[in-house]
Amino acid sequence: MDLLRHLRHFVVVAHELHFGRAAELLGMAQPPLSQSIQRLERELTVELFDRSRRQVRLTTAGELLLGEAEELLAGEGRLRNLMGQVRAGELGVLRAGVPPETPAVTLRALLDGLTTRAAGLDVELHELTTAEQVRMLAERTLDVGLVHHPVAADGLRFGAPVDVPLGVLLPRTSPLARDREVALASLAGLDLVAAPRATASGWHDHLLAVCRQQGWRPARVRPARNPEFLFGLVLAGGGVAVEPATVARREPRVAWRPIAGAPLAKRTSAVWPDRSAHPAASMFGQLAAEVLADAEPAPPALAGTSLPAARPWPVLFDTTG
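Model, not experiment: these values are computed from the prediction.

**Q** Can you help me understand the sheet that holds strand S11 (residues 239–243) in this one?
**A** The pairing of strands in a sheet happens through backbone hydrogen bonds and is either parallel or antiparallel. Spatial strand order, S10-S9-S11-S8-S12: 5 strands in an open sheet with mixed pairing. Taken across any chain shown, the strands that pair with only one partner, and hence form the sheet edges, are strand S10 (221–223) and strand S12 (254–258). The mean angle between the axes of side-by-side strands here comes to 35°, regardless of whether they run parallel or antiparallel. With 5 bridges connecting them, strand S8 (residues 167–171) and S12 associate as antiparallel partners. Bridge pairing in S12 links leucine 169 to tryptophan 256. In this fold helix H7 (residues 201–213) packs onto strand S9 (191–194), S10 and S11, with an angle of close to 155° to the strand it touches most, S9.

**Q** Looking at this model, I keep getting lost on unusual backbone geometry. Mind explaining?
**A** With omega at 5°, the peptide bond leading from histidine 149 into proline 150 counts as cis. Its location among the elements puts proline 150 in the loop between strand S5 (144–148) and strand S6 (156–158). One non-glycine residue with positive phi stands out, namely arginine 140, at about 65°. For arginine 140, the location among the structural elements is in the loop between helix H6 (130–139) and S5. Here the phi dihedral of alanine 262 falls at roughly 50°; this positive angle occurs in a residue that is not glycine. The residue alanine 262 is located in the loop between S12 and strand S13 (265–273) in this model. Judged by relative accessible area, which is 7%, alanine 262 ranks as buried.

**Q** Would you mind going over the environment of glutamine 30 with me for this structure?
**A** Relative to the helices and strands, glutamine 30 resides in helix H3 (residues 30–44). Residue classification places glutamine 30 among the partly exposed positions, given a relative accessible area of 39%. When the C-alpha atoms of glutamine 30 and valine 254 are compared, they prove to be 82 Å apart, with 224 residues separating the residues in sequence. Ignoring sequence-local partners within four residues, the contact set of glutamine 30 consists of Phe19, Gly20 and Ala23.

**Q** Any chance you could explain the confidence of the model for the chain here in plain terms?
**A** Parts of the prediction with low pLDDT should not have their coordinates interpreted in detail. Mean pLDDT over the chain works out to 87, with 91% of the residues at or above the 70 mark. Low pLDDT, under 50, characterises residues 298–321; the predicted model gives this stretch 39 contacts beyond four residues in sequence or across chains.

**Q** Could you clarify how one ought to interpret helix H5 (residues 104–117) in this entry?
**A** Because each turn of an α-helix spans 3.6 residues, side chains separated by three or four positions end up pointing in the same direction. Between the first and last C-alpha of H5 there are 20 Å, a value that for 14 residues agrees with the 20 Å anticipated at 1.5 Å per step. For H5, every residue scored as buried is listed here: Thr106, Leu110, Gly113 and Leu114. With its buried residues spanning 100° around the axis, H5 presents them on a single face. What points out from H5, more than 90 degrees from its buried face, is the exposed set Ala104, Val105, Arg108 and Thr116. Contacts from the buried residues of H5 go to strand S3 (92–98), strand S4 (121–127) and helix H10 (281–295).

What counts, and where the lines are drawn
Within every chain, residues take consecutive numbers counted from 1 along the sequence as written. Local features in this predicted model are restricted to residues of pLDDT 70 or higher, and side-chain atom pairs are both shown and tallied only at a pLDDT of 80 or more, whereas totals for entire chains, interfaces and linings draw on every residue. Computation of side-chain values covers all heavy atoms of the structure but excludes hydrogens and water. We treat two strands as partners when DSSP finds at least two bridges between them. Secondary structure is summarised from DSSP: a helix means a run of H or I of at least four residues, a strand means a run of E of at least two, and numbering begins at the N terminus for each. Fitted lines through C-alpha atoms serve as axes, helices being fitted only where they are in contact, and the angles separating the N-to-C directions of these axes extend from 0 to 180 degrees. Contacts: residue pairs with any heavy atoms within 4.5 Å of one another. Between buried and exposed lies partly exposed: a residue is buried under 20% and exposed over 50% of the maximum accessible area for its type, with that area taken using a 1.4 Å probe on protein chains only. Confidence scores labelled pLDDT are given residue by residue by the predictor and lie between 0 and 100. Expected span, for any helix, means 1.5 Å times one less than how many residues it has. This arc is built from the directions going out from the helix axis to the C-beta atoms.

Encoded structure:
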């Protein structure tokens, strides 16, 4: 028996004390309403209405049930509202991963945006590399993340990507810093300072492949996970890094110069499991794309059609959010 449905019918009749008016309010015929009340009475083994007179009255059992029924139905409403908020991703805990190099201003904008869109959502933010995020998403110990492409993994759904043009980081004292842009081939003999391959193997391999295509085979690749360590290696001389312009803003002794021909752009997007995803995952992905796009818009010289044409890897992921 659908107890809640019969109780809703009972409450309306109890307030109207008239089966005809109650049926009209409920949008149903009077006979099915009378049958619903009778079934409730049989289920509870009590009479809820005194029908012996011309006017319908509540029995003692009916009077006691009315308060309990209204409280129960109100509780059902609160429960449905709560579950609706959970389905919309507005409540609960969201375990999210972001790359270690994410600037503080970007993190602040992301967290502020999440608070605005889902104030009741508890966000657990973790500093993780792309490889760590992919592994934890597969293990279901992470709900959503921000990764650098290309990513070779099954069972994942990707949000809208953001492409950030890359340039060369080098000491301001370097002769190359005098030029408005730097050709990768002009870096011959220098080391490449980059994140270890284990952090994002797809991106690491792609970076080296483009460098070779452009005529630069780094003397060696010097791993640097931490931005401060990366700056130290660059300032020590003999090595350069290929990073977004925002990275250079952290160190005044380092210069950023765009790469001639714009052959490189770092693509970042949110990612979450394709099945049984957290209700807030897609909302996080949409917000992350907005924040990343605002944080580092493409320089005018690189805007327009140059970036899409320069993407050397196929778009294998869904960009619809």
